[in-house]
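Chain residues, written in single-letter form:
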Amino acid sequence: MKSISFQNDILPLKNELFRLALRITQDRAEAEDVVQETMMKVWSRRDQWQQIDNIEAFCLTICRNQALDKLRLQHFQPQTLAATAGNTPSSIEVQDSSHYANPEEQTVQRDRLQLVRQLISELPERQRTCMQLRDMEGKSYHDIAVIMDITEQQVKVNIFRARQTIRERFQQAENYKK
């Protein structure tokens, strides 16, 4: 069995934990609290680390559960990702605008990106989290299933439905503008 070190194996996960917590809580301060609580909970279970097959999945599961508990306990109403997008390390910004012909095209692209963020924030929590872990964190279906305590098939269904919903609503919004 591999020896697990807090500094080498767990602490480097803090940014990934933060992104997951932020996707669920949609509040930067709450996400920071969730990561802090997650780290404390993982540390308090250090005597169990050697029995854990995947320490990353273990940490992500704790983080997800902490974030969901925080939402339930505080009756937190999620705000849109657009409001927090500028404050997140994982926010997707149009960094290189050199390939856009003019400022109008850049503005259209920014508006589309903002719309996609808003559509993602409106998804049900399970779909949003599955999509976050798969598309933004690059996790396998198996890892997502372990983290979320659901089957791989349920993970695939949630991701499919999330993508389908976003695609349909995006097309509706684009057609509405015309």
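Residues numbered from 1 in each chain as written. Predicted model: local features only at pLDDT ≥ 70, side-chain atom pairs only at ≥ 80, totals over all residues. Heavy atoms only, no water.

1. Description of the environment of Leu119
- Within the secondary structure, Leu119 sits in helix α6 (residues 103-121).
- Residues Leu119 and Ile166, 47 residues apart in the sequence, show an inter-C-alpha distance of 6.0 Å.
- Excluding its chain neighbours within four sequence positions, the residues that come into contact with Leu119 are Ile166, Arg169 and Phe170. (Helix = DSSP H or I, 4+ residues; strand = E, 2+ residues; numbered from the N terminus. Contact = heavy atoms within 4.5 Å.)

2. Considering the pattern of salt bridges
- A complete count under the given rule lists nine salt bridges for this structure.
- In this structure, the salt-bridge partner of Arg28 is Glu32, at a minimum N-O distance of 3.6 Å. Pair noted here: Arg28 and Glu32 are both in helix α3 (residues 28-44), with a separation of four residues, about one helical turn.
- For Glu37, the salt bridge is made with Lys70, and the minimal N-O distance between the two is 3.4 Å. Within this pair, whereas Glu37 is found in helix α3, its partner Lys70 is found in helix α4 (residues 55-74), the two being separated by 33 residues in sequence.
- Residue Glu37 is classed as partly exposed on the basis of its relative accessible area of 27%.
- Shared partners join several salt bridges into a network, and the residues in it are Glu16, Glu56 and Lys139. (Salt bridge = Lys/Arg side-chain N within 4 Å of Asp/Glu carboxyl O. Buried < 20%, exposed > 50% of the residue type's maximum accessible area, 1.4 Å probe, protein only.)

3. As for the nonpolar core
- Within the largest apolar cluster, 35 residues are counted, with the highest numbers of intra-cluster contacts made by Ile10, Leu17 and Ile55.
- Broken down by element, this core gets its largest block of residues, 10 residues, from α4.
- Other than its neighbours up to four places away in sequence, Leu17 contacts Val35, Thr38, Met39, Cys59, Leu60 and Cys63.
- Judged by nonpolar contacts, the second largest core, of eight residues, contains Leu119, Leu123, Met131 and Ile166. (Core = buried A, V, L, I, M, F, W, Y, C linked by side-chain atoms within 4.5 Å.)

4. Section: unusual backbone geometry
- One non-glycine residue, Gln26, adopts positive backbone phi at about 60°.
- Here Gln26 shows up in the loop between α2 (14-25) and α3.
- Owing to a relative accessible area of 0%, Gln26 belongs among the buried residues under this scheme.
- The phi dihedral of Asp149 is positive, around 60°, even though this residue is not glycine.
- Tracing the backbone through its elements, the reader meets Asp149 in the loop between α8 (141-148) and α9 (152-177).
- Asp149 sits in the exposed class, given a relative accessible area of 71%.

Keep in mind that these numbers describe shape and distance, not what the molecule does.
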